[in-house]
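# Remarks on the overall topology
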Amino acid sequence: STVRVRGLTGTLLSLVYCILPRNSSSCYPRIKHVFENQNAISTQCMELRNLKPPKPQTIGNILQKINTKIGGVNNIATDMMNIPIFKTPVIVFGAGQCAPLRVRA
C-alpha cells in the first residue's frame, strides 16, 4: 500500500538518501521496493564504507546521480577546459526564467 512520507517540515518527500551499514544487501532491495515501487519516491543508497574517508570522485558521482534523480541534466563542457577557471574543480549552475507577457487591455 502507498504511504505518504513527509519530511521534518511536513512536506512530501521526493528523494530519500540512505546511508547503509556494511553488508546491507538485505536492506537495499527492501528500501528500493518500499520507496520507489510502492511510493514513487526516488532513493539514493550508499554504504557507509564508501564514505569513510570521503573521496572527491565518489562524492561527485553521488551528486551527479542525485541531480539526475531530481530532474537535472549533467553535462561536461570539454570545449571549455582551456578557460583558466576550469583548471580547478568548479561547478556551474544555470537558471532560466520565463515571465508571462503582460497584455494591455
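First, a word on scope: everything that follows refers to the structure included in this document. (Residues numbered from 1 in each chain as written. Predicted model: local features only at pLDDT ≥ 70, side-chain atom pairs only at ≥ 80, totals over all residues. Heavy atoms only, no water.)

### Quick notes on unusual backbone geometry
To keep things clear, this is the line we draw: Each helix is a run of DSSP H or I of at least 4 residues and each strand a run of E of at least 2, with the numbering of both proceeding from the N terminus.
Cis geometry is found at the peptide bond from K52 to P53, where omega equals -10°. For P53, the location among the structural elements is in the loop between β2 (42-47) and α2 (56-69). Although it is not a glycine, A40 sits at a positive phi angle of roughly 55°. In this fold, A40 is placed in the loop between α1 (27-39) and β2.

### Section: the pairing of strand β1 (residues 15-20)
Which entries qualify depends on this criterion: Here the term buried applies to any residue with accessible area under 20% of the maximum for its type, exposed to any over 50%, and partly exposed to those in between, with areas from a 1.4 Å probe on protein chains only. Two strands make a pair as long as DSSP finds a minimum of two bridges between them. Crossover handedness is defined here as right-handed if the route from the first strand over the helix to the second strand goes clockwise, with the strands pointing away from the viewer.
Burial along β1 is one-sided: the face carrying V16, C18 and L20 is buried and the face carrying L15, Y17 and I19 is not. With six bridges connecting them, β1 and β2 associate as parallel partners. Within the sheet, the bridge partner assigned to I19 lies in β2 and is M46. Taken together, β1, α1 and β2 form a β-α-β motif whose crossover is right-handed.

### Comments concerning the side chain of K32
What counts is decided by this rule: When checking whether two residues touch, look at their non-hydrogen atoms; a contact exists if any pair is within 4.5 Å.
Looking at the secondary structure, you find K32 in helix α1. In this structure, K32 is in contact with N37, T43, C45 and K69, ignoring residues within four places of it in sequence.

### Regarding α2
What counts is decided by this rule: Expected helix span is computed as 1.5 Å times (number of residues minus one).
In this model, α2 (14 residues) spans 20 Å end to end at C-alpha, consistent with the 20 Å of a helix rising 1.5 Å per residue. Elements that come into contact with the buried residues of α2 comprise β1 and β2. Positive backbone phi, at 100°, marks G71, one or two positions downstream of α2.

### Quick look at the pattern of salt bridges
Quick note on the threshold: In the sections that follow, a salt bridge refers to a side-chain nitrogen of Lys or Arg positioned within 4 Å of a carboxyl oxygen of Asp or Glu.
If you walk through the whole model with that rule in mind, you get two salt bridges. Among the salt bridges present, the one from R49 reaches E47, with a minimum N-O distance of 2.6 Å. Judged by its relative accessible area of 19%, E47 is buried.

### Notes on α1
For clarity, the cut-off: Note on bend: the value at a residue is the angle between axes fitted to the seven residues ending there and to the seven starting there.
Taking 1.5 Å of rise per residue, 13 residues should cover 18 Å, and α1 covers 17 Å from first to last C-alpha, within 8% of that figure. Considering bend angle alone, the principal kink of α1 is centred on H33 and spans about 25°. The set of residues buried in α1 consists of I31, K32, F35 and N39. Contact partners of the buried residues in α1: β1, β2 and α2.

### What to know about the nonpolar core
How we decide: Put simply, a nonpolar core is a bunch of buried Ala, Val, Leu, Ile, Met, Phe, Trp, Tyr and Cys residues held in one set by side-chain atoms that sit within 4.5 Å of each other.
V16, C18, L20, I31, F35, I41 and C45 together form the largest nonpolar core, which totals seven residues. Residue contributions to this core peak at three residues, all from β1. Ignoring any residue separated from it by four or fewer positions in sequence, one finds I31 in contact with C18, L20, E36, T43 and C45.

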